[in-house]
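Fold and contact review
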Amino acid sequence: MLNFQAFLGFVNGSVDKVPLSGGAYHEWTNLISEAEQDVFNSDCACFLSAHGLDSLSEAEAMLFQIPYDGTKSKITKINAGVYPNSISAKQAEGYKQLSIPVRQDFEENQNINAETQAHGATRTDVYFRPGAFDKITIEHEALHSLTGKSDSDLASQLGWDGSDSPSVFISKALRDNRCDKRTAGKKKK
Ligand SMILES: [Zn+2]
């Protein structure tokens, strides 16, 4: 006979991804529907294509995003796949920092606002800190889903000069190129 309690414990322990809910979910739906259009303005489109990316793929990555609450999700980082695709699953088993629950990472690192599944063939899961994300956060995370790359590899692809941390650089580059604005800026003469 199946020990139902033990089974439930197993399910809760291994598959515990808590969906983003309430106000944070509503905020996410509003932001992502704008972001999916904003990335097509010509400033953002030119920026992405100059770095081997494109607006359509970026918008598609957002379309497939499934938002979870990073502060509540008990799934371990390794099971959540929140590590670069360049690291094999076998290699990842050796990294102690990936054995902790996602929510512990959010708890211990208050500067983390989002983490994304960058490992695996299907990269859809994004863990957010409620109240601490905007369109740029969503777009930044979608770039991880799209490319499977780490912050430093992604920042390098986007022309990182080393002046900021790679994560800060990625977000700044998106913002500077109006990827969170509906229209392109007026050309300076
Ligand atoms: Zn990042």
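Sequence positions are assigned chain by chain, starting from 1 and proceeding in written order. Under the rules for a predicted model, residues below a pLDDT of 70 receive no local features and side-chain atom pairs below 80 are neither given nor counted, while totals for whole chains, interfaces and linings still include all residues.

Let's shift gears to the overall build of the protein chain. Broken down by element type, the protein chain carries ten helices and three strands. Here a strand is any run of E in DSSP of at least two residues, a helix any run of H or I of at least four, and the numbering for each starts at the N terminus. The linear arrangement of helices and strands in the protein chain, starting from the amino end, is α-α-α-α-β-α-α-α-β-β-α-α-α. Expressed along its principal axes, the backbone C-alpha trace of the protein chain runs to roughly 75 × 35 × 30 Å. Buried residues in the protein chain amount to 38% of all 189 residues. It is the C-beta atoms, placed from the backbone, that decide contacts: two residues are in contact if theirs lie within 7 Å. If you take every contact in the protein chain between residues at least 6 apart in sequence, the share linking residues at least 24 apart comes to 70%. Each residue is classified by how many other C-beta atoms fall within 10 Å of its C-beta atom, where C-beta atoms are placed from the backbone; a count of 20 or more means buried, 12 or fewer means exposed, and values in between mean partly exposed.

This brings us to the environment of S55. Inspection of the secondary structure assignment puts S55 in helix 4 (residues 55-63). When the C-alpha atoms of S55 and D38 are compared, they prove to be 9.1 Å apart, with 17 residues separating the residues in sequence. When near neighbours in sequence (up to four residues on either side) are disregarded, S55 contacts V39, F40, C44, A45 and L48.

With that settled, the discussion passes to helix 10 (residues 166-176). Buried within helix 10 we find F169, I170, S171, A173 and L174. Buried-residue contacts for helix 10 involve helix 8 (135-147) and helix 9 (151-157). Remark: R178 follows helix 10 within two positions and exhibits a positive phi of approximately 55°.

This next bit is on the sheet that holds strand 2 (residues 114-116). The rule for pairing is simple: two strands pair if DSSP sees at least two bridges between them. Strand order in the open sheet formed by three strands is 1-3-2, and the pairing between neighbours is mixed. Edge positions in the open sheet fall to strand 1 (66-69) and strand 2, since each of these has one partner strand only. Along the sheet, successive strands turn relative to each other by an average axial angle of 25°, direction set aside. Strand direction decides the pairing type here: strand 1 and strand 3 (residues 125-128), joined by four bridges, are parallel. From the neighbouring strand, P67 faces strand 3, where its bridge partner is V126. Every axis corresponds to a line fitted to the C-alpha atoms, with the helix fit spanning only the stretch in contact, and the corresponding angles, defined between N-to-C directions, vary from 0 to 180 degrees.

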